[in-house]
Amino acid sequence: LAGGGRRAAVGGAAMPLAARMAAASEGARSVRPTRLLPRAPGAAMRSSASRRASAAGSARRRPRSATAACAGTTSEDHSATEASSLTPEQQKRLDKLLDLGVSARKLEQQDTQGRLLKQSFEHATMPTFLKLQELGISDNAICSYPDLLWSDFENNTLPMFRKLRKLGISAKAISAYPELLLYNVDESTVETCERLYTLGLSARTLCAFPELLWRSYEDDILPSYEKLQDLGLTSKAISSHPRLLMHSFEDVILPSFEALSSLGMTPQAICSFPLLLGADFDENILPTFHKLRGLGLSARAICSNPPLLWYSFEDSTLRGACG
């Protein structure tokens, strides 16, 4: 297990904190947050149910507050605050946050009460930023979740980081999912982790999919696991593709299984490449199937080689293989 609480070494970590703060405050940082990309190779092939859930989540975005509205609605837009009701000191803090790499949009979405504009940048925000860096959290990850900058580092963030590390979650995984530091690791989380290990999921798997730790084991994970086994998937196949446990079996997995079967694919073929069960059948799999048929491949040839339906039709390797 990648346990323990050893801090990751980052550039400048040996420099005293006060000196690093002085150096960081002299000039504006050029770092701009970039969207964290999904790591799964076929993450772009999301199911319709997943996209609907994502849209629903966006619709439930926290309401705008007066302070947040003053922060503007677009990233890196200083002019949006010029006519606002911010005090001169709050305006300075906002400018420093934007220079640090935190976008106005992120502030609007997450810091709805303007807490970062109320606390001292030099004595609270910047020290917390540097301490998060020392944990191995990237600048992009910090700027993507500005809530981390007002959270109590010593009493909340650091203990949470150590608990996650003891569960086997790597610093790299925490950096990819920095919102984990805002959650709570309690006895139920630890118990879920231990049960996931008994199902064959490794610490490395949980590093890639830490969201599983906060899903209900009894209500979500175990029922999905057993139903996947009933379809013919082995324990090894499931543990190697944990994303399947995050999809709704009734809304995503089973409909995909039935749709693939309708193409002539056998259960054995489907189970040999379970990634297809989480892909969007109507928008990805079926169009690729028809294009392959148009190239002269028989349905039998396609269904006996399920990875063909996973790769992009524009992929040069696939084009070359098809002549």
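Residues numbered from 1 in each chain as written. Predicted model: local features only at pLDDT ≥ 70, side-chain atom pairs only at ≥ 80, totals over all residues. Heavy atoms only, no water.

Points about the overall build of the protein chain
Turning to step 1, where the next piece is worked out: Looking only at helices and strands, the protein chain features 20 helices and zero strands.
Turning to step 2, where the next piece is worked out: Across the protein chain, every contact between residues at least 6 apart in sequence was considered, and the portion connecting residues at least 24 apart equals 62%.
Turning to step 3, where the next piece is worked out: Carbon together with sulfur atoms contributes 52% to the accessible area of the protein chain, which is approximately 16500 Å² in total. (Helix = DSSP H or I, 4+ residues; strand = E, 2+ residues; numbered from the N terminus. Contact = heavy atoms within 4.5 Å. Areas by Shrake-Rupley, 256 points an atom, 1.4 Å probe, with all protein chains shown as cover.)

With respect to helix H4 (residues 88-100)
Residue pairs spaced three or four apart in an α-helix point in one direction, given the helix's 3.6 residues per turn.
Turning to step 1, where the next piece is worked out: In this model H4 runs 18 Å from its N-terminal to its C-terminal C-alpha over 13 residues, within 8% of the 18 Å that 1.5 Å per residue would give.
Turning to step 2, where the next piece is worked out: Those residues of H4 not exposed but buried are Gln90, Gln91, Arg93, Leu94, Leu97, Leu98 and Leu100.
Turning to step 3, where the next piece is worked out: Contact partners of the buried residues in H4: helix H5 (104-110), helix H6 (115-118), helix H7 (121-134), helix H8 (139-144) and helix H9 (147-150).
Turning to step 4, where the next piece is worked out: Gly101 lies just past H4 and shows a positive phi near 125°. (Expected span 1.5 Å × (residues − 1). Buried < 20%, exposed > 50% of the residue type's maximum accessible area, 1.4 Å probe, protein only.)

A look at the nonpolar core
Turning to step 1, where the next piece is worked out: Ranked by size, the top nonpolar core spans 77 residues in total, and within it Ile137 and Leu181 carry the most contacts.
Turning to step 2, where the next piece is worked out: Those residues in contact with Ile137, other than ones at most four positions away along the chain, are Leu132, Ile142, Phe161, Ile174, Ser175 and Leu181. (Core = buried A, V, L, I, M, F, W, Y, C linked by side-chain atoms within 4.5 Å.)

Quick look at the packing of aromatic side chains
Turning to step 1, where the next piece is worked out: All chains considered together, the criterion is met by one aromatic pair.
Turning to step 2, where the next piece is worked out: Measuring from ring centre to ring centre gives 6.1 Å for Phe273 and Trp310, while their planes differ by 70°; the resulting arrangement is edge-to-face. You can see Phe273 sitting in the loop between helix H17 (267-272) and helix H18 (281-294) and its partner Trp310 sitting in the loop between helix H19 (299-303) and helix H20 (316-321), a full 37 residues away along the chain.
Turning to step 3, where the next piece is worked out: Taking the relative accessible area as the measure of exposure, Phe273 reaches 16% and is therefore buried.
Turning to step 4, where the next piece is worked out: The positively charged end of Lys106 is found above the aromatic ring belonging to Tyr145, 6.0 Å away from the centroid. (Phe/Tyr/Trp six-rings, centres within 6.5 Å; stacked < 30°, edge-to-face > 60°. Lys NZ or Arg CZ within 6 Å of the ring centre and 35° of its normal.)

With respect to the pattern of salt bridges
Turning to step 1, where the next piece is worked out: With the rule as written, the count across this model stands at six salt bridges.
Turning to step 2, where the next piece is worked out: Where Arg93 meets Glu89, a salt bridge forms, and the shortest distance between an N and an O atom there is 3.6 Å. Here Glu89 and Arg93 lie together in helix H4, a separation of four residues that amounts to about one turn.
Turning to step 3, where the next piece is worked out: On the accessibility criterion, Glu89 (40% relative accessible area) is partly exposed.
Turning to step 4, where the next piece is worked out: The residue Glu154 makes a salt bridge to Lys131 at a minimum N-O spacing of 3.4 Å. Taken together, the residues span a long stretch of sequence, with Glu154 in helix H10 (residues 153-166) and Lys131 in helix H7 at a distance of 23 residues. (Salt bridge = Lys/Arg side-chain N within 4 Å of Asp/Glu carboxyl O.)

Some points on H7
Turning to step 1, where the next piece is worked out: For H7, which comprises 14 residues, the first-to-last C-alpha distance of 18 Å matches the rise-based estimate of 20 Å (1.5 Å per residue) to within 8%.
Turning to step 2, where the next piece is worked out: In terms of burial, H7 is a largely internal element, 10 of the 14 residues being buried.
Turning to step 3, where the next piece is worked out: You can read the cap of H7 off the contacts: a side-chain oxygen lies 3.5 Å from the backbone nitrogen of Glu122, and it is on Ser120. (Polar contact = N/O pair within 3.5 Å; in protein donor to acceptor, adjacent residues only side chain to side chain.)

Concerning the packing of H4 against H7
Turning to step 1, where the next piece is worked out: Put simply, H4 and H7 touch, their axes get as near as 12 Å, and they point 20° apart. Regarding the angle of H4 to H7, the classification is roughly parallel. Taken as a pair, H4 and H7 cross one another with a handedness that is right-handed. The residues of H7 that touch H4, namely those facing Arg93, Lys96, Leu97 and Leu100, are Phe121, Glu122, Thr125, Met126 and Phe129.
Turning to step 2, where the next piece is worked out: Classifying every residue of the contact of H4 with H7 by side-chain character gives five nonpolar, one polar and three charged. (Axes fitted to C-alpha atoms, helices over the stretch in contact; angles between N-to-C directions. Parallel < 35°, antiparallel > 145°, perpendicular 65-115°, else oblique. Left-handed = near helix turned anticlockwise from the far one by under 90°. Nonpolar A, V, L, I, M, F, W, Y, C, P; charged D, E, K, R; others polar.)

A short note on the environment of Phe257
Turning to step 1, where the next piece is worked out: Here Phe257 is to be found in helix H16 (residues 249-262).
Turning to step 2, where the next piece is worked out: Between the C-alpha atom of Phe257 and that of Ile270, which follows or precedes it by 13 residues, the distance is 7.4 Å.

What to know about the packing of helix H12 (residues 187-198) against helix H14 (residues 217-231)
Turning to step 1, where the next piece is worked out: Packing of H12 against H14 leaves a shortest axis separation of 12 Å and a crossing angle of 10°. With respect to H14, the element H12 is oriented roughly parallel. In this structure, H12 meets H14 at a crossing whose hand is right-handed. Two secondary-structure elements touch here, H12 through Thr192, Arg195 and Leu196 and H14 through Tyr217, Glu218 and Ile221.
Turning to step 2, where the next piece is worked out: Split by residue class, the contact of H12 with H14 holds three nonpolar, one polar and two charged.

Quick word on the side chain of Arg165
Turning to step 1, where the next piece is worked out: Note that Arg165 resides in helix H10.
Turning to step 2, where the next piece is worked out: Glu134 provides the closest opposite charge to the buried, unpaired Arg165, separated from it by 14 Å.
Turning to step 3, where the next piece is worked out: In this structure the side chain of Arg165 is engaged in a polar contact, spanning 3.3 Å, whose partner is the backbone oxygen of Ile169. (Lys, Arg positive; Asp, Glu negative; His and termini not counted.)

Details of the environment of Ser240
Turning to step 1, where the next piece is worked out: Along the chain, the position of Ser240 falls in helix H15 (residues 235-240).
Turning to step 2, where the next piece is worked out: Judged by relative accessible area, which is 45%, Ser240 ranks as partly exposed.
Turning to step 3, where the next piece is worked out: Sequence-wise, Ser240 and Gly200 are 40 residues apart; in three dimensions their C-alpha atoms are separated by 8.9 Å.
Turning to step 4, where the next piece is worked out: Reaching out from Ser240, the side chain makes a polar contact with the backbone oxygen of Lys236 at a distance of 2.7 Å.

Concerning the confidence of the model for the protein chain
Turning to step 1, where the next piece is worked out: Residues of the protein chain with pLDDT of at least 70 account for 70%, and the chain-wide mean is 74.
Turning to step 2, where the next piece is worked out: The model gives residues 1-14 a pLDDT under 50, and that stretch makes 20 contacts with residues more than four places away or in other chains.
Turning to step 3, where the next piece is worked out: Within the model, the stretch residues 24-83 combines pLDDT values under 50 with 100 contacts to residues more than four positions away or in other chains. (pLDDT = per-residue confidence, 0-100.)

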